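Residues per chain, in single letters:
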Amino acid sequence: MKKIVFAVLALYFAAAGVLLLLDEPAAETVRILSIESESSFLITDAADRLSFTLCLDDPDAFVADLGAIASAALDDGETILALTPAEIAATGHSFVRDGVTYDEYRYSFTTDGISSDGVRLAFRDASLVLRFADGSTGAYAVGDADIVFGAPGEPRHLDFTRLYAVFNVEAGREAIAGIVIGLEAKTGTGVTVTDIDVGCPGIAASVGEVVVLADAPPADQPIGSFYGGTTRSLLAAAEPGEIVLLDGGLYFIPVVHDGRIRSATRFMILISYEYEGGRATFAIDDFSFRTPFPFSEEYGGEIHGYEHRR
Amino acid sequence: MKKAMVIAVLAVVAVLASRSVAADTYQTYQEIVFAEEDERLLQDFAEEDYADYMTHLAGKKMFGWKVFVVTKGAEVEFVSETKLKIFNNGFSTIKHDITLESKLETKFQISATGSIGVKAKGDVKKFDGALDASIKTEIGYSKSEVTSERYEFNIIVDPGTYVTIVMRGKGLVSNGVAKNFFFWIATKQGGWETFTVTTEYYEIIKEKIG
């Protein structure tokens, strides 16, 4: 009988121990990483989203709970844009730094209620400011962001017929090397494209090096092969130029990276052109050309670490 | 007793002979090209190759699965099915808000032939029973969570035109054959395959209708 009582007691304590371990309270602090990168968003309506990446060492942390965020803003010290939290989604990627494993999250927001047609907000060294329901605040450095409020596909003097990006590997890092774009003048008399702006800080289109294409190239075609097989760095200087569109055509427009290779994969395109003596800009909504690169130190964006107490 | 033995043997033979395919999305991709020419998808295994791979599972086992890996983490490039096609048959321009969503469970896909089963638990697909863990150990796969990323794209579609969004990408394919034993009797066997999408590239095409 004694043996049975001891066995029951032993089982009870073992089960209680397991339950206590499983019921471990959430940590009082959460470690957060942000990386300075380049963002480009065309805001077309109140529901349009912009997103930033943060990495957390605790997936159960309140910072990952949308309901815990009372308000948010993008702030670079000169400009503040209020944001409405829309979604926090784990990307499935993780990142190890100083022996700590962080999970990557995409924080998405809308600019609900704010409308400012044609205005470009250029944030430099901006912080994503999150104010939590418990009264605490976190400001996380997210780098540079260009945000344009406007209508894509306007005005109607031209249109695009095809769009994708060519990615190359340079110094072991995959990065955008150019865009393939089909352009069509809708005026009957032609338009002259004077500039193409990818709206992404640190990346510029080199319109002067435009190549007229007979066929669509593969999305990983080496950039040098567009210029007779020569080697061409993604860090070359941009060359200004024009594209005279009488009817339409398919073009490769290389992009150059300022100072270091950038990891941008999603950006808007603003095409400046002249038509009958006037100037206008045609906008293409920010498009995700490729799966975002996972949070990484490889591209040289400065990483910031934070410890946020509940 | 003899009749029972005959029925049992016939049942086992029927299970082993079954070649039904449990397919996943990647098998509808327009094109999948291996970086190495001699690699191939499970659906393209020749009968003689399949028989040859099965010889690697010749020995008997009391319980559980024996797994033979034919292809491990082979790099592929693919052109996916069209993600979206929008027609404007009307007489006025229309504006579309397109939401594109990429889910992790579509990034890890599986298929099987023979009597190997594929189960869907929620949004996650798995091979039947302990085979899932055995295969994931063999190919070094550990991720199974479901996540998603989505964003909106706003586009104008003129009358008499249509817009297509095509996804291309890169991925890793592993495949092989497996056999399950119950008291040294083979109860299930067939081919298995995993397809992991590592990178997706998107393209927009606007064309005239007709």
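Rules of the game
Residues numbered from 1 in each chain as written. Chains lettered and ligands numbered in written order. Predicted model: local features only at pLDDT ≥ 70, side-chain atom pairs only at ≥ 80, totals over all residues. Heavy atoms only, no water. Helix = DSSP H or I, 4+ residues; strand = E, 2+ residues; numbered from the N terminus. Buried < 20%, exposed > 50% of the residue type's maximum accessible area, 1.4 Å probe, protein only. Patch = residues over 30% accessible without salt bridge, like charges linked within 9 Å, V, L, I, M, F, W, Y side chains within 5 Å. Areas by Shrake-Rupley, 256 points an atom, 1.4 Å probe, with all protein chains shown as cover. Salt bridge = Lys/Arg side-chain N within 4 Å of Asp/Glu carboxyl O. Pairing = 2+ DSSP bridges. Axes fitted to C-alpha atoms, helices over the stretch in contact; angles between N-to-C directions. Arc of directions from axis to C-beta. Contact = heavy atoms within 4.5 Å. Buried area = accessible area lost by both parts, 1.4 Å probe. Polar contact = N/O pair within 3.5 Å; in protein donor to acceptor, adjacent residues only side chain to side chain. Domains from an automatic or database assignment. Lys, Arg positive; Asp, Glu negative; His and termini not counted. Charge placed at Lys NZ, Arg CZ, Asp CG, Glu CD. pLDDT = per-residue confidence, 0-100.

Visitor: When you look at the overall build of chain B in this model, what are you seeing that I'm missing?
Guide: Across its full length, chain B carries 4 helices and 9 strands. For chain B, the α and β elements follow one another from N to C terminus as α-β-α-β-β-α-β-β-β-α-β-β-β. Per-residue burial over chain B gives 44% buried out of 210 residues.

Visitor: Teacher, can you tell me more about a nonpolar patch on the surface here?
Guide: Taken together, M62, F63, F182, F183 and W184 of chain B make up a surface patch of nonpolar side chains, about 520 Å² in accessible area. Mapping M62 of chain B onto the fold places it in the loop between α2 (47–55) and β2 (63–88).

Visitor: What is the right way to read the sheet that holds strand β8 (residues 137–149) of chain A from this model?
Guide: Two orientations exist for strands paired in a sheet by backbone hydrogen bonds: parallel and antiparallel. Residue and element names in this part refer to chain A. Pairing is mixed in the open sheet, where 9 strands are placed in the order β2-β8-β7-β4-β5-β6-β3-β1-β18. The open sheet has two edge strands with one neighbour each: β2 (37–43) and β18 (303–309). Mean inter-strand twist for the sheet, computed between neighbouring axes without regard to direction, equals 40°. Alignment of β2 against β8, held across 7 bridges, turns out to be parallel. Looking across to β8, one finds that E38 is bridged to D144.

Visitor: Which parts of the structure should I look at to understand α2 of chain B?
Guide: Because each turn of an α-helix spans 3.6 residues, side chains separated by three or four positions end up pointing in the same direction. Of all the residues in α2 of chain B, the buried ones are Y50, Y53 and M54 of chain B. Buried residues in α2 of chain B, looked at end-on, bunch into an arc of 100°, giving them a common side.

Visitor: Sorry, what's going on with unusual backbone geometry here?
Guide: For residues other than glycine, phi is negative in most cases, and the peptide bonds are mostly trans. Despite not being glycine, E276 of chain A has its phi angle at roughly 50°, a positive value. Position of E276 of chain A relative to the elements: it lies in the loop between β16 (266–275) and β17 (278–288). The backbone of F183 of chain B shows a phi angle near 50°, a positive value even though the residue is not glycine. Considering the arrangement of structural elements, one finds F183 of chain B in the loop between β8 (161–182) and β9 (185–208).

Visitor: Explanation requested: the interface of chain A and chain B in the structure shown.
Guide: Many descriptions give the size of an interface as the accessible area lost when the pieces come together. With 35 residues of chain A at the contact, the number on the chain B side is 28 residues. Surface buried jointly by chain A and chain B totals about 2800 Å² across both partners, of which 44% is contributed by carbon and sulfur atoms. Among the residues of chain A in contact with chain B, F160, F287 and T291 of chain A are the three that bury the most area, contributing 18% of the side total. In this structure, the connection of chain A to chain B is made through 6 salt bridges. A salt bridge links R49 of chain A to E152 of chain B, with the nearest nitrogen and oxygen atoms 3.9 Å apart. One can count 12 residue pairs in polar contact (both at pLDDT 80 or more) joining chain A with chain B. Among the secondary structure elements, those contributing two or more residues to the side of chain A that touches chain B are β5 (80–97), β9 (158–170), β10 (173–185) and β17 of chain A.

Visitor: Looking at this structure, how should I read the pairing of strand β3 (residues 49–56) of chain A?
Guide: Side chains on a regular strand alternate between the two faces of the sheet. All names here are of chain A. With respect to burial, β3 is a largely interior element, 8 of its 8 residues being buried. Both faces of β3 are covered, namely the face carrying R49, S51, T53 and C55 and the face carrying L50, F52, L54 and L56. Where strand β1 (residues 29–35) and β3 come together, 3 bridges link them in antiparallel fashion. Of the residues in β3, the one forming a bridge with S34 is L54. Across 8 bridges, β3 lies against strand β6 (residues 100–110) in antiparallel orientation. Following the sheet pairing, T53 is matched in β6 by R106.

Visitor: How should the domain arrangement of chain A be read in this particular structure?
Guide: Residue and element names in this part refer to chain A. Taken domain by domain, chain A consists of domain 1 (29–151) and domain 2 (158–288). A separation of 28 Å is found between the C-alpha centroids of domain 1 and domain 2. Contact with domain 1, which involves 17 residues of that partner, is made by 16 residues of domain 2. Between domain 1 and domain 2, the buried area comes to about 1200 Å², and carbon and sulfur atoms account for 49% of it. Considering only the surface of domain 1 that becomes buried against domain 2, E38, S40 and L42 emerge as the three largest contributors, covering 54% of it. Here domain 1 and domain 2 share 3 salt bridges between them. Residue R120 pairs with D197 through a salt bridge whose shortest N-O separation is 2.7 Å. At the junction of domain 1 with domain 2, the criterion picks out 8 residue pairs in polar contact (both at pLDDT 80 or more). Mapped onto the side of domain 1 that touches domain 2, the elements with two or more residues apiece are β2, β3, β7 (120–132) and β8. For the side of domain 1 that touches domain 2, the element with the most residues is β2, which contributes 5 residues.

Visitor: Explanation requested: a negative patch on the surface in the structure shown.
Guide: The grouping of D220 of chain A together with E36, E37, D38, E75 and E77 of chain B at the surface amounts to a negative patch. Examined against the element boundaries, E36 of chain B turns out to sit in the loop between β1 (31–34) and α2.

Visitor: When you look at the confidence of the model for chain B in this model, what are you seeing that I'm missing?
Guide: A low pLDDT score tells you not to read the predicted coordinates there in detail. Residue and element names in this part refer to chain B. A residue-level look at chain B finds 80% of positions with pLDDT of 70 or above and a mean pLDDT of 81. Of all secondary-structure elements in chain B, the lowest mean pLDDT belongs to helix α1 (residues 2–17), at 45, while β1 reaches the highest, 92. Per-residue pLDDT stays below 50 along residues 6–21; that stretch engages in 19 contacts with residues further than four places along the chain or on separate chains. Both scores are given for the predicted complex: the pTM is 0.80, the ipTM 0.80.

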